[in-house]
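# Remarks on the overall topology
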There are 2 protein chains.
Amino acid sequence: MEIFFSDDIAASSLRLPPEESAHCAKVLRRRAGDVIEVIDGEGTLYKCTIVDDNPRGVEAAIDERIPGWNSHPYHLTLAVCPTKNNDRYEWFAQKAVEFGVDCIAPVIGERSERKVFKTERIQKIALSAAKQSLKARLPQIPEPLTVKEFIKRTASGESLKLIAYCFEDETHPRQSIKEVLKAHSCQKEIIVLVGPEGDFSPQEAKEAIEAGYVPVHLGASRLRTETAGIAAAAAVYFEYL
Amino acid sequence: MEIFFSDDIAASSLRLPPEESAHCAKVLRRRAGDVIEVIDGEGTLYKCTIVDDNPRGVEAAIDERIPGWNSHPYHLTLAVCPTKNNDRYEWFAQKAVEFGVDCIAPVIGERSERKVFKTERIQKIALSAAKQSLKARLPQIPEPLTVKEFIKRTASGESLKLIAYCFEDETHPRQSIKEVLKAHSCQKEIIVLVGPEGDFSPQEAKEAIEAGYVPVHLGASRLRTETAGIAAAAAVYFEYL
């Protein structure tokens, strides 16, 4: 099953953007009369019939709308610090989308070595991962914030907020992410903060906890930043499986 | 914490292989008298003191042995078909080791496009991932077998055997891997079979089920082969967290 994306959707018809049109009409040789499936990136799948197989702009008539197609029963924000090596963040984003994530928020920690972030590149990866893994909704990928600013902005609100760090802190013992998710399974809005290679600073952890973040660990393994992000996505995915 | 590997361990002293010696003495500038930690790849961590910081062959006196260091309470074999793209299998292996895996068995399915497999390359990746994620035991990485041969060889034995495939089969409805792991939590010896991009053939699935494999699904997402392997590793990891 091959899914296409369109951001140009009218009441009864839609048009694929140039890249998707070329893939559809040139690479996959779909022709007028063929049935295709298209996502809008906002949660709806459209079953359509191609009316114009122009490889520069495929047009299709909408036969059926399926809102909330393949959606998951939670809203997950993964706030993960960029990794030193870009590739690692790119595959984290790809895998997070495969498991199911609603927002990938790049956050810059005090100990982050990388402070630049290619939002557009990650959006491109998220789109192809969404199509590949049959998701109709694309994750939001906001511009980077510092960890402290992200914590400030998420301080209010009803979400279940978790921060995963590696150091021990007697005054705030960490629980396993699995326990915490189970104990709060009524809260479907979840935020998980994952630090950079050098971990969060104690001050960042302190401010997170003051803002209502629950300190969690991801088990006995020492996971790389990108693996910790995937572990968080997988923990939520399996909690609601 | 930096961990080294040695396959040359005597009663009271050990020697690091050339590559590890160079990393220890040249890159990290460890000197005679420094304390280092060394794994034997078989589950034991050695706390040692360097007696000779020769970058071609570091020698250290063993101060303490810790068998079963950072071990996990299960024995997991992930039998995963090679991916078309080698990189994807390489990071699957790296992440599987980070989560905790005891055997990565490459298996060639009837629909596998890639039938060659670089065992040595994956062993190298597994070693560095083990050191990075603080594991004393390296996973076994046997030479590739066909899926059917692997099924034959695992037919007997008490392990909990799972096969994850994507198609629906009324006669053998799939359960979620989470349910099955929970229902069999007494069985600590687990094998999970994951197919190639084109999935297992119905005949492979049939032979697996006849050999005692339980058909499972990994949830609603359509996961890539390497992500399915990671999902299986994460499901077991979190079941025993």
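Residues numbered from 1 in each chain as written. Chains lettered and ligands numbered in written order. Predicted model: local features only at pLDDT ≥ 70, side-chain atom pairs only at ≥ 80, totals over all residues. Heavy atoms only, no water.

Residues and elements named next belong to chain A. Closest axis-to-axis distance for the helix H2 (residues 86-99)/helix H3 (residues 119-132) pair is 8 Å, and the angle between their directions is 35°. The hand of the H2/H3 crossing is right-handed. Note on element contacts: H3 touches H2 through Arg121, Ile122, Ile125, Ala126, Ala129, Ala130 and Gln132, opposite Tyr89, Glu90, Ala93, Gln94, Val97 and Glu98. (Axes fitted to C-alpha atoms, helices over the stretch in contact; angles between N-to-C directions. Helix = DSSP H or I, 4+ residues; strand = E, 2+ residues; numbered from the N terminus. Left-handed = near helix turned anticlockwise from the far one by under 90°. Contact = heavy atoms within 4.5 Å.)

Residue and element names in this part refer to chain A. This model, assessed by the stated rule, comprises 32 salt bridges over all chains. For Lys95, the salt bridge goes to Glu98, with nearest N and O atoms at 2.8 Å. With Lys95 and Glu98 both in helix H2, this residue pair falls 3 residues apart, about one helical turn. In this pair, the class of Lys95 matches that of Glu98, namely buried. (Salt bridge = Lys/Arg side-chain N within 4 Å of Asp/Glu carboxyl O. Buried < 20%, exposed > 50% of the residue type's maximum accessible area, 1.4 Å probe, protein only.)

Looking now at the relation of the copies chain A and chain B. Between the two copies of the chain lies a relationship made up of a rotation around an axis and a movement along it. Superposing chain A onto chain B takes a rotation of 180° combined with a translation of 0.0 Å along the rotation axis, leaving an RMSD of 0.0 Å. On the angle and the small slide along the axis, the relation comes out as a two-fold axis. Taking C-alpha positions as the reference, the residue of chain A nearest the rotation axis is Ala234 of chain A, at 3.3 Å. The overlap is high: 100% of the interface residues of chain A also sit at the interface in chain B, so the same surface is used on both sides. (Least-squares fit on C-alpha atoms with pLDDT ≥ 70 in both.)

Attention now moves to the sheet that holds strand E13 (residues 214-217) of chain A. Residue and element names in this part refer to chain A. Pairing is parallel in the open sheet, where 7 strands are placed in the order E9-E8-E7-E12-E10-E13-E11. Edge strands, defined here as strands with exactly one partner in the open sheet, are strand E9 (145-146) and strand E11 (175-176). Bridge count for strand E7 (residues 75-80) against strand E8 (residues 103-108) is 4 bridges, and the pairing is parallel. By the bridge assignment, Thr77 is partnered in E8 with Cys103. Lying over the sheet, H2 contacts E7 and E8, oriented at roughly 150° with respect to E8. Each of E7 and strand E12 (189-194) is contacted by helix H7 (residues 225-239), which is oriented at about 170° to E7, the strand it contacts most. (Pairing = 2+ DSSP bridges.)

Further remarks concern unusual backbone geometry. All names here are of chain A. At Leu134, a position not held by glycine, the phi torsion is positive, near 60°. Residue position: Leu134 is located in the loop between H3 and E9. Here Leu134 falls in the buried class, since its relative accessible area comes to 12%. Of note, Asp199 is a non-glycine position whose phi angle comes to about 70°, a positive value. Counting through the fold element by element, Asp199 comes out in the loop between E12 and helix H6 (202-210). Overall, the relative accessible area of 11% leaves Asp199 in the buried class.

Let us look at the pairing of strand E8 (residues 103-108) of chain B. Looking along a regular strand, one sees side chains alternate from face to face of the sheet. All names here are of chain B. Of all 6 residues that make up E8, 6 are buried, and the element is covered over most of its length. Covered by surrounding structure in E8 are Cys103, Ala105 and Val107 together with Ile104, Pro106 and Ile108, the residues of both alternating faces. Note on the crossover from strand E7 (residues 75-80) through helix H2 (residues 86-99) to E8: the handedness is right-handed. The sheet contact formed by E8 and strand E9 (residues 145-146) spans 2 bridges and is parallel. The residue bridging Ile108 from the neighbouring strand is Thr146, located in E9. (Right-handed = clockwise from strand over helix to strand, strands pointing away.)

This paragraph deals with the environment of Ile141 of chain B. Residue and element names in this part refer to chain B. Residue position: Ile141 is located in the loop between helix H3 (119-132) and E9. Distance in space between the C-alpha atoms of Ile141 and Pro55 is 29 Å, their sequence separation being 86 residues. Setting aside anything within four residues of it in sequence, one finds Ile141 in contact with Ile104, Phe117, Thr119, Ile122, Gln123 and Ala126.

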